[in-house]
Structures are given as C-alpha cells and as structure tokens.
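Topology and contacts: notes
Single-letter residue listing:
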Amino acid sequence: MTALQDLKYGQWFRGADVDGDGFITQRDVRMMSERYIAARGTAPEAATARLLTEGMDGFWTNVLAPMDQDGDGKIDLREMTEGFRRVLTDPAQYPEQIEPVTNYFFDLADLNGDGKIDQAEFQQMYYSVAGVPGEDCAAVFAALDRDGSGALDRAEFHQAVAEFFYGNDPDAPANHLFGRVAG
Ligand SMILES: [Ca+2]
Ligand SMILES: [Ca+2]
Ligand SMILES: [Ca+2]
C-alpha cells in the first residue's frame with residue numbers, strides 16, 4: 001500500500017480523534033455525531049439525527065472496533081492505518097462499508113434539503129465539525145464540482161468519499177476531503 005493512503009488516513013484520524021487524546025474511541029464517534037447534529041442545528045431526536053447516530057455507531061461496531069488489536073477499547077493511529085489497509089481494499093465493498101454513513105451525513109449537511117450540497121453547506125459542516133480551514137474547503141469543493149453547477153449531488157459526494165477511502169490517485173481532489181494532505 002501507499003504513502004498517499006497513510007497520509008489520507010492520518011488526516012482522517014486527526015479529525016476523528018475529537019477529544020485529541022491520540023486514540024479513536026466510541027466516545028469520539030459519539031462526539032462526532034453530536035457535533036454534526038449541533039452544526040446542523042437539528043434536534044437530537046429528529047429522524048436525520050437519529051439515523052446519523054445509529055449509522056456512526058454501526059461504523060464504530062463494524063469497521064473501527066474490529067481494528068482494536070490489543071483490545072484496550074481504543075484505536076491508535078497504527079491500528080487504524082493497518083485496519084483501513086486490511087479492510088478497505090475493494091471499492092466494490094463501498095456500499096456496505098461506507099455508503100450508509102455517507103448518506104446520513106449527506107442529509108445532515110444538506111441544510112436546505114434540496115438534495116445537493118452547495119459550497120456554503122460544504123464549508124459549514126467541514127469547518128465546524130472537522131476544523132477544515134475555509135480556504136481548503138473552497139478549493140476542494142471547486143475541484144469536486146466537476147460540472148461547475150455550484151453544488152454536489154449525492155452521486156458526486158459518494159464518488160468523492162469512495163475516492164478518499166479507496167483511491168490511490170495523488171491528483172484526486174477528494175484526497176483533501178477531510179483537510180489538506182501533503183504530496
Ligand atoms: Ca480520542
Ligand atoms: Ca487498541
Ligand atoms: Ca443544499
């Protein structure tokens with residue numbers, strides 16, 4: 001596997017370690033859900049909020065928790081990198097592994113509910129939740145919006161997330177989806 005994937009996974013790890021203790025735990029995953037929901041201003045009991053929380057819990061149980069090699073209940077950077085490399089080998093698995101969570105996230109990020117994520121919506125979610133700087137967001141958004149329509153539809157968004165997790169193209173704009181990576 002490649003250095004590029006290590007860089008991408010490392011960037012994702014920094015965002016996912018919400019409390020900054022150097023590990024991803026179930027608590028981080030819960031806090032991530034809460035932040036997305038708070039950024040959206042959605043009531044936690046609303047359907048989209050509940051679905052995201054359940055989806056993220058499932059992502060923890062099915063994808064992250066099995067990476068905990070030493071069984072301490074925490075995923076460190078090495079465990080996560082090795083786990084992603086082991087598990088995320090086949091883009092054909094995207095519909096089972098990542099698509100459900102991405103769908104909930106899309107619904108939450110689509111603030112005005114028009115089925116598309118425009119630049120302001122994109123920027124708000126990434127800045128307020130993952131701390132991705134606004135200028136990175138603007139550049140990534142422009143590159144992902146290939147037809148220049150000013151918005152990402154659901155298919156474009158899935159394509160970007162799939163490229164981030166499975167792709168190996170150093171020039172793919174989706175590499176920077178969770179903050180700029182070097183190289
Ligand atoms: Ca943590
Ligand atoms: Ca561990
Ligand atoms: Ca929208």
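Residues numbered from 1 in each chain as written. Chains lettered and ligands numbered in written order. Predicted model: local features only at pLDDT ≥ 70, side-chain atom pairs only at ≥ 80, totals over all residues. Heavy atoms only, no water.

As recorded by an unreviewed UniProt entry, the chain carries the name Calcium-binding protein and is attributed to Streptomyces lacrimifluminis.

Here we come to the coordination of the calcium ion (ligand 3). For the calcium ion (ligand 3), the protein coordination sphere consists of D110 (OD), N112 (OD1), D114 (OD), K116 (O), E121 (OE) and E121 (OE), at 2.2 to 2.6 Å. Accessibility expressed as a relative area gives 4% for E121, which makes it buried. (Donors = N, O, S within 2.8 Å, 3.2 Å for Na, K, Ca; no water. Buried < 20%, exposed > 50% of the residue type's maximum accessible area, 1.4 Å probe, protein only.)

Turning our eyes to something else, we now look at the packing of aromatic side chains. The geometry of two aromatic rings is summed up by the distance between their centres and the angle between their planes. Inspection of every chain in the model, using the stated rule, returns 16 aromatic pairs. Plain terms: the ring middles of W12 and F165 are 6.2 Å apart, the flat faces sit at 70° to each other, and that makes the pair edge-to-face. Here W12 is found in helix α1 (residues 3–16), whereas its partner F165 is found in helix α9 (residues 154–166), with 153 residues between them in sequence. The buried category is assigned to F165, whose relative accessible area is 3%. Relative to F157, the ring of F105 lies with its centre 5.8 Å away and its plane at 20°, an arrangement referred to as stacked. Here F105, found in helix α6 (residues 99–109), pairs with F157, found in helix α9; they are 52 residues apart in sequence, far enough to count as distant. With a relative accessible area of 1%, F157 lands in the buried category. Directly above the aromatic system of F164 lies the positively charged group of K8, at a separation of 5.7 Å from the ring centroid. In this structure, K74 is placed above the aromatic ring of F23, and the distance from its NZ or CZ to the ring centre is 4.2 Å. (Phe/Tyr/Trp six-rings, centres within 6.5 Å; stacked < 30°, edge-to-face > 60°. Helix = DSSP H or I, 4+ residues; strand = E, 2+ residues; numbered from the N terminus. Lys NZ or Arg CZ within 6 Å of the ring centre and 35° of its normal.)

Attention shifts here to the coordination of the calcium ion (ligand 1). For the calcium ion (ligand 1), the full set of protein donor atoms is D17 (OD), D19 (OD), D21 (OD), F23 (O), D28 (OD) and D28 (OD), and the range of their distances to it is 2.2 to 2.8 Å. Each of the six donor atoms around the calcium ion (ligand 1) contributes to a set of angles spanning 50 to 162°, which defines the coordination as irregular. Mapped onto the polypeptide sequence, the residues donating to the calcium ion (ligand 1) form the spacing pattern D-x1-D-x1-D-x1-F-x4-D. Looking at D17, the relative accessible area reads 8%, which means it is buried. (Tetrahedral: all angles 85-135°; square planar, octahedral: opposite > 155°, others 65-115°.)

Right, let's talk about the UniProt feature "domain: EF-hand" (unreviewed entry) in the chain for a bit. Here, the residues flagged by UniProt with the feature "domain: EF-hand" (unreviewed entry) are residues 67–90, 97–131 and 132–167. Regarding residues 67–90, the helix share stands at 46% and the strand share at 0%, and the terminal C-alpha atoms are separated by 17 Å. Within the segment residues 132–167, helix and strand shares are 67% and 8% respectively, and the terminal C-alpha atoms sit 21 Å apart. (UniProt positions renumbered as here; feature names shortened; annotations may be inferred.)

This part is about the pattern of salt bridges. Within the structure shown, the criterion is met by six salt bridges. Across the pair R78 and E82 runs a salt bridge, and its minimum N-O distance is 3.3 Å. On the criterion of helical spacing, the pair formed by R78 and E82 is a turn pair, its members being four residues apart in helix α4 (residues 77–87). A salt bridge links R180 to D136; the nearest nitrogen and oxygen atoms lie 3.5 Å apart. With R180 in the segment after α9 and D136 in helix α8 (residues 134–144), this residue pair connects regions lying 44 residues apart in the sequence. Among the residues examined, R180 registers a relative accessible area of 44% and is labelled partly exposed. (Salt bridge = Lys/Arg side-chain N within 4 Å of Asp/Glu carboxyl O.)

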